[in-house]
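# Reading the structure
The primary structure of each chain is shown beneath.
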Amino acid sequence: MSVTRLSFPYGESIQWFSPEQISELPDSPLSEWLLSSGSLTQKLRSHCTKFEVKVLGEGTITPFSGEFPAQRQAWVREVLLCLDGVPWIFARTLIPANLLDKKETEFLTLGTRPLGELLFSNDDFTPGKIEIAHFTPCHRLAQLTESIKQPVTQELWGRRRYFSYDDEQLIISETFLPAARKIIEQM
Ligand SMILES: C=C(O[C@@H]1C=C(C(=O)O)C=C[C@H]1O)C(=O)O
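Note on numbering: residues in each chain are counted from 1, in written sequence order. Since the coordinates come from a predicted model, pLDDT governs what is reported: local features require at least 70, and pairs of side-chain atoms require 80 or more to be given and counted, while whole-chain, interface and lining totals use all residues. Side-chain descriptors were evaluated using all non-hydrogen atoms of the structure, hydrogens and water having been removed beforehand.

Going by what an unreviewed UniProt entry lists, the protein is known as Probable chorismate pyruvate-lyase and is assigned to Shewanella benthica KT99. Checking UniProt for the protein, the heading Catalytic activity (unreviewed entry) contains the comment "chorismate = 4-hydroxybenzoate + pyruvate". UniProt positions are given in the numbering used here, feature names are shortened, and annotations may be inferred rather than shown by experiment. Entered under Function (unreviewed entry) in the UniProt record, the comment concerning the protein runs "Removes the pyruvyl group from chorismate, with concomitant aromatization of the ring, to provide 4-hydroxybenzoate (4HB) for the ubiquinone pathway."

Laid out in structure tokens, this is it:
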């Protein structure tokens, strides 16, 4: 799986909605995955022999307009979550500078360990609301799906979760790639 790191960030400006605002969630098991509250990593691990986090890039960059209001810059981590070598999830995490300062070592040394191991390993982080999006990727995310040989033939579904730490919040978006949707919808 060759992915050019030169394109980081891959994320796109996406319009997110609360689940109640979505008139038709997928009529399939995908909806349960989109709305599940626990660790996605744990859920993914139960569907594969080998789970891997492929880091596409990390760095302090400017979020998209409206993506992270009041944050001019944020630490952004983009990864692919791979099951038995197949990318299932494109994840984009935004961490505000104040939170990064408080947990700098944990976040900056994460590497290929899943972020969920940090977020769900103690009570420091409180899971918050979930938002949903469905969209047709363009630009870099579309290039990414092509580069991992998962051309997009229908809209992608994703979710965005907020996690609180003291009075700070980080945001994690998880987009289900075509290979994941195909298998999940056969469950
Ligand atoms: C938040 C979690 O961590 C996962 C791991 C991520 C990472 O390592 O960057 C990003 C998104 C998540 O799907 C989880 O497991 O629920």
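## Observations regarding the pattern of salt bridges
Basic side-chain nitrogens of Lys or Arg form a salt bridge, by our definition, when they fall within 4 Å of a carboxyl oxygen of Asp or Glu. Applying the stated criterion to the full structure yields 15 salt bridges. Note that Arg92 and Glu67 form a salt bridge whose closest N and O atoms lie 2.8 Å from each other. Residue Arg92 is located in strand E3 (residues 86–95), and its partner Glu67 is located in the loop between strand E1 (51–61) and strand E2 (74–83); the two are separated by 25 residues in the primary sequence. The rule is simple: take the accessible area with a 1.4 Å probe, protein chains only, and divide by the maximum for that residue type; under 20% is buried, over 50% is exposed, in between is partly exposed. According to the relative accessible area criterion, Arg92 is buried, its value standing at 3%. Assessed through its relative accessible area of 12%, Glu67 is described here as buried. In this structure, the salt-bridge partner of Lys102 is Asp166, at a minimum N-O distance of 3.7 Å. Per the convention used, a helix needs a DSSP run of H or I reaching at least four residues, while a strand needs a run of E reaching at least two, with both numbered from the N terminus.

## So, the side chain of Glu12
Looking at where Glu12 falls in the secondary structure, it is placed in the segment before helix H1 (29–35). By the counting scheme adopted, Arg and Lys are positive, Glu and Asp are negative, and His together with the chain ends is not counted. Buried and unpaired, Glu12 has no salt bridge, with Arg140 as the nearest side chain of opposite charge at 8.7 Å. Whether two residues are in contact is decided by their heavy atoms, any of which lying within 4.5 Å being enough. Setting aside its immediate chain neighbours within four residues, Glu12 contacts Phe64, Thr136, Pro137, Cys138, His139, Arg140, Leu141 and Ala142.

## Here's the deal with the site of the ligand
As a structural note, the neighbourhood of the ligand is formed by 17 residues, with Leu40, Thr41, Arg77, Arg161 and Glu174 the closest of them. Here a polar contact is taken to be a pair of N or O atoms separated by no more than 3.5 Å, where protein atoms must pair a possible hydrogen donor with a possible acceptor and residues adjacent in sequence count only if both atoms sit in side chains. In this structure, Thr41 approaches the ligand through a side-chain N or O atom, which is 2.6 Å from an oxygen atom. When isolated, the ligand has an accessible area of 380 Å², and the protein chains bury 100% of it. Elements with a contribution of two residues or more to the shell around the ligand: helix H2 (40–45), E2, helix H5 (115–119) and strand E6 (168–176). We call a residue near a given molecule or strand whenever any one of its heavy atoms falls within 4 Å of it. Every accessible area reported is derived by Shrake-Rupley at a probe size of 1.4 Å, with residue values counting cover from the shown protein chains alone.

## Remarks on the confidence of the model for the protein
Every residue carries a pLDDT, the predictor's confidence in it, which falls somewhere between 0 and 100. The share of residues in the protein with pLDDT of 70 or more is 97%, and the mean pLDDT across the chain is 94. The ipTM for the predicted assembly is 0.96, set against a pTM of 0.96.

## A word on the pairing of strand E5 (residues 156–165)
Of all ten residues making up E5, nine are buried, and the element is well covered by its neighbours. The pairing of strand E4 (residues 126–135) with E5 spans eight bridges and is classified as antiparallel. The residue of E5 that forms the bridge with Pro127 is Phe163. The antiparallel hairpin formed by E5 and E6 contains two residues in its connecting segment, where Asp166 sits at a positive phi of about 50°. DSSP-based pairing: two strands are paired if at least 2 bridges between them are found.

## A look at unusual backbone geometry
The linkage connecting Phe8 with the following residue, Pro9, adopts the cis geometry, with an omega of 0°. For Pro9, the position within the fold is in the segment before H1. Not every positive phi belongs to a glycine, and Asp84 is a case in point at roughly 45°. Among the structural elements, Asp84 can be located in the loop between E2 and E3. Of note, Asp166 is a non-glycine position whose phi angle comes to about 50°, a positive value. On the basis of relative accessible area, Asp166 is assigned to the exposed category, the value being 60%.

## Notes on the environment of Leu99
Relative to the helices and strands, Leu99 is located in helix H3 (residues 97–102). Leu99 sits in the buried class, given a relative accessible area of 0%. On a C-alpha basis, the gap between Leu99 and Glu168 in space is 6.1 Å, while along the polypeptide they are 69 residues apart. Those residues within four positions of Leu99 in sequence are excluded, and the remaining contacts are Phe107, Phe125, Tyr165, Glu168, Gln169 and Leu170.

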